[in-house]
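Structure assessment
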Amino acid sequence: MSKRLLLTINLCLILAVIFFSKIGLAEAPQPKADQAPLFNVSFFEADLVMVLEQLASDSGFNLITTPEVKGRISLKLTEVNFEQVLKIISRSRGLIYQFEGRNIYVGVKGQTFDDQKVVGYFQINYADPKQLSELVRKVIGKTEEINCDERTRTIIVNGSKEIIDKATGIIGSLDRKLPQITIEVKVIEISTSAVRELAIEWQTEHAGLKWGAASSGAEIIIDMISGGYSWNFIFRNLVTDGNARLVTSPSVSTVDGKEASILIGDKVPIEMSSTSGSVITSSVQYVEVGVRLLFTPRMQNHNEMLIDLKTQVNSIGEKVGNAYIIGAREVNSSIQAKIDETVFLGGLITQKERESISKVPGLGDLPLLGKLFQNKEKTTEETEIILTITPRWNKSVDLDQRVIETK
């Protein structure tokens, strides 16, 4: 390779590094103690390490101290930032401090932090502190030097600066706010026969519709939407003719990977009785009747998610003795969906028999002979519950409180 070509390649690499650092692919900005918001500080005979830990946590820093940093302190300051408080405490106690990214090291004068054991206090904001501490133990391999205070959501790491640096990287990568998702559900009851009639009418215009006599209403509707019809147009036609109605439209919010549930139904009281010798005891037990949906969304790409969905359907059947038969059905499924994209679920079909009587006026009401002038006809009405599921981002507002009052 010629020297000129090698020089050109090196120049291109340098320019690429400069370019990407300019457009924001460099390391995320670190908090600055002297630019932190102002707050009020009030402590009376408080533990020195606890004071430093709370101040550091409230300003976005992790605290690392040497064992010599101890004692109690009283403070009352107004309109100060983190570094101003740190300077006051250090001067009054003969301490030194240094910043390394998000870590603030505090020790006594004459010490260096590289060659001795220190204690790190990591305030956990979003992750489960116990689970995260277990993960840090496994990665670092120093199980006796890593502890968790679930009450204050703090992971305490006791070790060398090398161990502190490893823990800082792991905790900083995993203690992140999970995206919050709102799942909107609409429960719609439709007449399956009306949907089939509508499909027959529209099939003359779109020969590509593929459905059979045994197809559910949800299958036919999805086929229509694929054929170019909009869901709003289909639903409006069904509602206008009295063949569809919106039963309920609940919504639930959760975070990535956490289960949320919706109950569409009631809790029905059922009297239960038990016999012990000659004593009969009665009690009331509430049983869920209806449809319960359990969602567990898992983010994949930026706007795509996989939703693990468990559908439980409970219904009360006939009474047998003092107990009732509870009909239970459960379906587990996985749904691939995009944010703001609506997914259809169907198949919850019920059938009702209706009896209609037509008779000749006057003659049909005669006793005994009236039945000769009557005509009874039984018809079966099939209805179906369709669920529409739409995931959306939940835009929440974080409130940042900067006032400390501890006594």
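To keep things clear, this report deals only with the structure shown in the data block. (Residues numbered from 1 in each chain as written. Predicted model: local features only at pLDDT ≥ 70, side-chain atom pairs only at ≥ 80, totals over all residues. Heavy atoms only, no water.)

Looking now at the pairing of strand β6 (residues 118–123). Burial within β6 is extensive, with five of its six residues counted as buried. In terms of strand pairing, strand β2 (residues 62–65) meets β6 through three bridges, oriented antiparallel. Within β6, the position partnered with Thr-65 by the bridge is Val-119. Strand direction decides the pairing type here: β6 and strand β8 (residues 154–159), joined by six bridges, are antiparallel. If you follow Tyr-121 over to β8, its bridge partner there is Ile-156. (Buried < 20%, exposed > 50% of the residue type's maximum accessible area, 1.4 Å probe, protein only. Helix = DSSP H or I, 4+ residues; strand = E, 2+ residues; numbered from the N terminus. Pairing = 2+ DSSP bridges.)

Among the structural elements, Glu-53 can be located in helix α2 (residues 48–58). Despite its burial, Glu-53 pairs with no opposite charge; the closest candidate is Arg-151, at 8.2 Å N-O. For Glu-53, the contacting residues outside a window of four places in its chain are Leu-63, Tyr-121 and Thr-154. (Lys, Arg positive; Asp, Glu negative; His and termini not counted. Salt bridge = Lys/Arg side-chain N within 4 Å of Asp/Glu carboxyl O. Contact = heavy atoms within 4.5 Å.)

Before going further, it helps to examine the pattern of salt bridges. In the structure shown here, the tally under the stated rule is 11 salt bridges. Asp-149 serves as the salt-bridge partner of Arg-151, at 4.0 Å between the closest nitrogen and oxygen. By relative accessible area, which is 24% here, Asp-149 ends up partly exposed. The partner of Arg-245 in a salt bridge is Glu-189, and the shortest N-O contact between them spans 2.8 Å. Taken together, the positions of Arg-245 in strand β10 (residues 244–248) and Glu-189 in strand β9 (residues 180–191) put the pair 56 residues apart, joining distant regions of the chain. In the salt-bridge network here, residues are joined through shared partners; they are Glu-100, Lys-161 and Asp-165.

Another point: helix α8 (residues 231–240). Within α8, the full set of buried residues consists of Trp-231, Ile-234 and Leu-238. What you see down the axis of α8 is that its buried residues fit within an arc of 70 degrees, all on one side. Exposed side chains of α8 directed beyond 90 degrees from the buried face belong to Asn-232 and Thr-240. Remark: Gly-242 follows α8 within two positions and exhibits a positive phi of approximately 75 degrees. (Arc of directions from axis to C-beta.)

Okay, the environment of Lys-258 next. Mapped onto the fold, Lys-258 is located in the loop between β11 (251–255) and β12 (260–276). Linking Lys-258 and Arg-298, residues 40 residues apart in sequence, is a C-alpha distance of 8.3 Å. If we skip the residues at most four places from it in the chain, Lys-258 touches Phe-295, Thr-296 and Pro-297.

This part is about the sheet that holds strand β4 (residues 95–100). What links the strands of a sheet is backbone hydrogen bonding, and the strands pair in either a parallel or an antiparallel sense. Reading across the sheet, the six strands line up as β4-β5-β2-β6-β8-β7 and stay open at both edges, with mixed pairing between neighbours. At either end of the open sheet lies a strand with only one pairing partner, and these are β4 and β7 (146–149). The mean angle between the axes of side-by-side strands here comes to 20 degrees, regardless of whether they run parallel or antiparallel. Bridging between β2 and strand β5 (residues 103–108) involves four bridges; their strand directions are parallel. By the bridge assignment for β5, Leu-63 is matched with Ile-104. On top of the sheet, α2 reaches β2, β4, β5, β6 and β8; it is set at about 150 degrees to β2, its chief contact. (Axes fitted to C-alpha atoms, helices over the stretch in contact; angles between N-to-C directions.)

Looking now at unusual backbone geometry. In this structure, Glu-79 is a non-glycine residue whose phi angle is positive, near 55 degrees. Following the sequence through the fold, Glu-79 ends up in strand β3 (residues 72–80). Given a relative accessible area of 48%, Glu-79 falls into the partly exposed group. For Arg-153, which is not glycine, the phi dihedral falls at a positive 55 degrees. Checked against the element boundaries, Arg-153 lands in the loop between β7 and β8. For Arg-153, a relative accessible area of 29% translates into the label partly exposed.

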